[in-house]
Amino acid sequence: MGVDPATGKEAFVVARPGGVLEELADAHALKAAAVLVTVVGAVLEGGRSTDAELAAFVPSLHAALEECVGIMAAEREGSA
């Protein structure tokens, strides 16, 4: 994983699909997407943004959507 900032020691992780680290990453991704939705929603409600300002959100929205779809697909495969 890199270097532990608290100890300065190298930290190694072997992640398994469906493990705790994957669940934490999914939870983080969903929280980040929820925050992004809130921010974009507030900007849209304000109604004073330019097209260029709104376009700046497109890459972040695309990445969040892609990650959420990946999470849903993985959950669907896991339950099948």
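What you are looking at is a predicted structure, and each value in this text was computed from that prediction instead of being measured. (Residues numbered from 1 in each chain as written. Predicted model: local features only at pLDDT ≥ 70, side-chain atom pairs only at ≥ 80, totals over all residues. Heavy atoms only, no water.)

**Brief notes about the overall build of the protein**
Here is step 1: Counting secondary structure elements, the protein contains 3 helices and 2 strands.
Here is step 2: Beginning at the N terminus, the succession of helices and strands in the protein can be written as β-β-α-α-α.
Here is step 3: The C-alpha radius of gyration of the protein comes to 17 Å, more than 25% above the 12 Å expected for a compact globule of 80 residues.
Here is step 4: Seen along its three principal axes, the alpha-carbon backbone of the protein occupies a region of about 50 × 40 × 15 Å. (Helix = DSSP H or I, 4+ residues; strand = E, 2+ residues; numbered from the N terminus. Rg over C-alpha atoms; globule rule 2.2 N^0.38 Å.)

**Here's the deal with the confidence of the model for the protein**
Here is step 1: Taken residue by residue, the protein gives an average pLDDT of 88. The fraction at 70 or more is 92%.
Here is step 2: Per-element mean pLDDT across the protein ranges from 75 in strand 1 (residues 2–3) up to 95 in helix 2 (residues 51–55). (pLDDT = per-residue confidence, 0-100.)

**A word on the packing of helix 1 (residues 20–46) against helix 3 (residues 58–79)**
Here is step 1: Axis separation between helix 1 and helix 3 bottoms out at 10 Å; the angle between their running directions is 140 degrees. With respect to each other, helix 1 and helix 3 are oriented oblique. The element helix 1 and its partner helix 3 pack so that their crossing is left-handed. Seen from helix 1, the contacting residues are D26, A29, L30, A33, L36 and V40; seen from helix 3, they are S60, L61, A64, E67, C68 and I71.
Here is step 2: A per-class count over the contact of helix 1 with helix 3 returns 9 nonpolar, 1 polar and 2 charged. (Axes fitted to C-alpha atoms, helices over the stretch in contact; angles between N-to-C directions. Parallel < 35°, antiparallel > 145°, perpendicular 65-115°, else oblique. Left-handed = near helix turned anticlockwise from the far one by under 90°. Contact = heavy atoms within 4.5 Å. Nonpolar A, V, L, I, M, F, W, Y, C, P; charged D, E, K, R; others polar.)

**Quick look at the environment of E22**
Here is step 1: Note that E22 resides in helix 1.
Here is step 2: Separated by 49 residues in the primary sequence, E22 and I71 have C-alpha atoms spaced 9.7 Å apart.

**Examining a nonpolar patch on the surface**
Here is step 1: On the surface, V20, L21 and L24 cluster together into a nonpolar patch covering about 300 Å² of accessible area.
Here is step 2: Its place among the elements puts V20 in helix 1.
Here is step 3: Judged by its relative accessible area of 61%, V20 is exposed. (Patch = residues over 30% accessible without salt bridge, like charges linked within 9 Å, V, L, I, M, F, W, Y side chains within 5 Å. Areas by Shrake-Rupley, 256 points an atom, 1.4 Å probe, with all protein chains shown as cover. Salt bridge = Lys/Arg side-chain N within 4 Å of Asp/Glu carboxyl O. Buried < 20%, exposed > 50% of the residue type's maximum accessible area, 1.4 Å probe, protein only.)

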